[in-house]
Amino acid sequence: MDLRRFSPSQRQIVEAGDGPLSVLAGPGSGKTTVLAGRIAYLVEQRGVPPAAILAITFTTAAAATLRQRLAGVLGDAAQDLTITTFHALGLRLIRQWSQELGFVNSAPAVFGREDARSLLREVAGEFGLEIAAEVPGRASDPWAVSLSRLSSAVDRHRLGSVKRSHGDNENGEFDEELLRPLADAYESLLRRRGAVDYPSMLTLPLQLFATEPRTLQLVQDAYRWVLADEFQDTSKTQYALLQKVVEPHHNLAVVGDPKQAVFGWLGADPSLLLEFPRQYPEARVFPLDQNHRSTGIVVALSNAIAAPLKGGRESWTGNAQGPRARLYAAADENDEARFVAAEIGGLLGTRQIEHAGEVGVLYRTNAQARAVALALRTAGLPFRVRADADLFGGPEVRDLVAYLRLAHCPSDGPALARVVNTPPRRLRAIERALRKRPVPAAELPVWAAKLGGAPARHRLEQFLALLQDLHDSTLGSSPVQALECVLLQTGYPEWLTAQKDRASRLRRTEEFRAVLAESPAPDLATWLTDMHLGQIDGHAPTGAGSTVLSTIHSAKGAEWPVVFVIGLEDGLLPHTRPGSPGASHQQEDEERRLAYVAFSRAQVLLYLVYCRSRQLATDGEVGRVEPRRPSRFMLSLPPELVERVNAGRAA
Ligand SMILES: Nc1ncnc2c1ncn2[C@@H]1O[C@H](COP(=O)(O)OP(=O)(O)OP(=O)(O)O)[C@@H](O)[C@H]1O
Ligand SMILES: [Mg+2]
């Protein structure tokens, strides 16, 4: 490897000896680069076996990129590195020791947020809690609690990060005395249903380590060098997992930027990074202040946005000053989207960029993707959207996702209920009953016999046998191979061919296949986890040459020569929930950190766009048009670094 690529301060980190170390540095300073460099250095210069290295990244896509990068240096040896996300690691441990954890017969089903919430609704009922109706427009009972708020509070409790009695803290809404038994009851129901959700992907391995110390010892023997990227977004539970693994040797390297912490709502705790040396007094702490990614203007604007935030350090850059940021005030969201498309067209036309893949469009909420996607499609510009699978298609995609879940775990209750009679298997009555009340898979045949006699039982058993076959034939498959098995074995495409709108529905199925084919996820379980987390990349016909549409959360760690930050309005960035009077200080700081992440993705040209009015859609209903104000965050920007532009000029 060529160590001259690194700056002297970066090189110190790459070559640092064993023991704990942390890197606290701003965006674009080379944290991820150094992490990759250190792995290559360990293998090449120090003869560490690749299989002894565990690297944690924030997304599966980041893991794939890191592996690819290392394959460039290490060749085939890179295949033996373990590069994974916390969730995928947890899931792997759970599957490896599923018997010990009490999952009989098969590996656990992977529950997404919807499934988890309906489970919580059941449990809350047993506790006599009234759950507020989530029908828009209907006034809710003041005693009723919001399911989504309760669910986040329970999750945070399970991940061990409930802060007590902060008046302006959302967690303060629910009492610890309520959350503890509620969380226990929820977890035991989850286990009875043979499923895991996100928090349990982390908590179960910890429980496993506690009850079966030999499993921990095996893991500790396997991974003797551990490195973690984006450490500011690590939760206490994730940290606890890492600490267990490195207990015998303390070979833990963590890199991150406290000012880019944007997952507080998932229990992330940036103080873990700041207080790393307290946990490991022998730790060395390295700063990196030079930004290698962005122009002087982009660095200055990013610094300005971040200035009011505590912690972290300011960056400087030796790069060129570059063009001023361009600010556009759109009339509404359609105008905003057309502006984005026209500017990309202009940049391509004037050869300022070579292909559309040099552009990222970032927004606060998934709903904002739709208008931009439409405008780019109309303009004939290639793009891909990063979102969850639901966004890519209609019911057929949901059906296929259900089948993929069943291929992974044939007793996955919610998935079973969805497709038990799709395509039709004369199990309509069973389907209806299942949607009202979940029944454990093992009890299904007896239950079906009660409901529809021996024939119903027989048909249901046939269906369960089909699922078992599907499971067996997809073991060890990639996500797209698994989908191919689903299409082949379930008769789904044949049924679809006989439906109305078959052309568009088959096309969406084909698009979905393409999405899976391009997925970096190594296996079905990882893909399902990513899907629930909204981290699936849509299909783009031209691959690398397409503009990426992404939420700011999912854009962490990435960079593009040109970045559009859209929806820079009060209410969107900072995002305040409908009905809540305003964001608390903590929430507003997290929103500011999001803006900081967004700005600092740009290498050269940053576009800032807001709408003067916007149609607010609420749950599928056509909403009213509302006047909007530019984001208060823009008040922090030095005006001389920003140029106001109009639509329709040559870029
Ligand atoms: N010493 C260097 N010389 C030139 N380019 C560098 C150097 N170090 C890093 N870079 C480049 O700078 C860019 C940013 O690096 P990297 O993504 O590692 O930063 P980061 O600190 O991880 O950023 P973020 O906080 O956004 O994740 C990359 O394009 C990388 O190749
Ligand atoms: Mg990085």
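Residues numbered from 1 in each chain as written. Chains lettered and ligands numbered in written order. Predicted model: local features only at pLDDT ≥ 70, side-chain atom pairs only at ≥ 80, totals over all residues.

Considerations on the overall build of the protein chain
Our working definition: Elements are defined by DSSP. Helices are runs of H or I of four residues or more, strands are runs of E of two residues or more, and each kind is numbered from the N terminus. Only C-alpha atoms enter the radius of gyration, while the globule expectation follows 2.2 Å times N to the 0.38, with N the number of residues. With C-beta atoms placed from the backbone, a residue is buried if 20 or more other C-beta atoms are within 10 Å of its own, exposed if 12 or fewer are, and partly exposed between those counts. Whether two residues are in contact depends on their C-beta atoms, placed from the backbone: they are in contact if these lie within 7 Å.
On a plain count of helices and strands, the protein chain comes out with 24 helices and 18 strands. In summary, the protein chain has a C-alpha radius of gyration of 25 Å against a globular reference of 26 Å for 651 residues, a match within 12%. Projected onto its principal axes, the C-alpha positions of the protein chain cover 75 × 60 × 50 Å. By residue count, 46% of the 651 residues in the protein chain fall in the buried class. Long-range pairs, those at least 24 residues apart, make up 75% of the contacts in the protein chain between residues at least 6 apart in sequence.

Remarks on the site of ligand 1
Note the cut-off: As a rule, any residue with its backbone-derived C-beta atom within 6 Å of a molecule or strand is reported as near that molecule or strand. Classes in brief: Ala, Val, Leu, Ile, Met, Phe, Trp, Tyr, Cys and Pro nonpolar; Asp, Glu, Lys and Arg charged; the others, Gly included, polar.
Contacts to ligand 1 come from 17 residues, most closely from Gly30, Lys31, Thr32, Thr33 and His292. At three residues, the largest contribution of residues to the shell around ligand 1 is made by helix H2 (residues 31–44). Among the residues making up the shell around ligand 1, the classes are represented as three nonpolar, ten polar and four charged.

Overview of the domain arrangement of the protein chain
Spelled out, the test is: Domain start and stop positions are those given by an automatic or database domain assignment.
By the assigned domains, the protein chain splits into domain 1 (3–91 + 202–288), domain 2 (112–192), domain 3 (296–387 + 543–644) and domain 4 (391–532). On a C-alpha basis, the centres of domain 3 and domain 4 stand 38 Å from each other.

Digging into the packing of helix H19 (residues 444–474) against helix H20 (residues 479–490)
Put simply, the test is: Helix axes are fitted to C-alpha atoms over the stretch in contact, other axes to C-alpha atoms as well, and angles between N-to-C directions run from 0 to 180 degrees. Just so you know how the angles are binned, under 35 degrees is roughly parallel, over 145 roughly antiparallel, 65 to 115 roughly perpendicular, and the rest oblique. Take the far helix as your reference; a near helix turned counterclockwise from it by less than a right angle gives a left-handed crossing, and one turned clockwise gives a right-handed crossing.
Two numbers describe how H19 lies on H20: the axes approach to 10 Å, and their chain directions differ by 150 degrees. With respect to H20, the element H19 is oriented roughly antiparallel. The two elements H19 and H20 cross, and the hand of that crossing is right-handed. Within the contact between the two elements, H19 uses Leu466, Asp469, Leu470, Ser473 and Thr474 and H20 uses Ala482, Cys485, Val486 and Gln489.

A short note on the nonpolar core
Applicable threshold: The term nonpolar core means buried Ala, Val, Leu, Ile, Met, Phe, Trp, Tyr and Cys residues held together as one set by C-beta atoms within 7 Å.
Counting residues in hydrophobic clusters, the biggest one holds 181 residues, and the most contacted among them are Ile39, Val565 and Val609. Ranked by residue count, the leading element in this core is strand S15 (residues 602–611), at nine residues. When residues no more than four places from it in sequence are discounted, the contact partners of Ile39 are Ile53, Ala55, Leu70, Leu81 and Leu227.

Section: the sheet that holds strand S13 (residues 547–551)
Cut-off, in case you're wondering: Strands are treated as partners if at least two bridges between them are detected by DSSP.
Read across the open sheet, the eight strands follow the order S12-S11-S13-S10-S14-S15-S9-S18; overall the sheet is mixed. If you trace the sheet from one side to the other, it starts and ends with strand S12 (536–537) and strand S18 (642–644), each paired once. Summarising the sheet, strand S9 (residues 325–330) and S15 pair through five bridges and their orientation is parallel. Within S15, the position partnered with Arg326 by the bridge is Tyr607.

Examining unusual backbone geometry
Across the junction of Thr422 and Pro423, the peptide omega takes the value -5 degrees, indicating a cis bond. Examined against the element boundaries, Pro423 turns out to sit in the loop between helix H17 (413–419) and helix H18 (428–436). With omega at 5 degrees, the peptide bond leading from Leu573 into Pro574 counts as cis. Tracing the backbone through its elements, the reader meets Pro574 in the loop between strand S14 (560–565) and helix H24 (585–599). Phi is positive for Glu230, close to 50 degrees, though the residue is something other than glycine. Among the secondary structure elements, Glu230 is positioned in the loop between strand S6 (225–228) and helix H10 (236–246). Of the residues examined, Glu230 has 27 C-beta atoms within 10 Å and is grouped as buried. A positive phi angle, near 55 degrees, is found at Arg426, a position not held by glycine. For Arg426, a count of 11 C-beta atoms within 10 Å translates into the label exposed.

Some remarks on the environment of Leu272
Relative to the helices and strands, Leu272 is located in helix H11 (residues 271–274). In contact with Leu272, not counting residues within four places along its chain, are Thr234, Lys236 and Tyr239.

Quick look at the pairing of S9
Bridge count between S9 and S18: three bridges; the pairing is parallel. Bridged to Ala325 within S18 is Val642.

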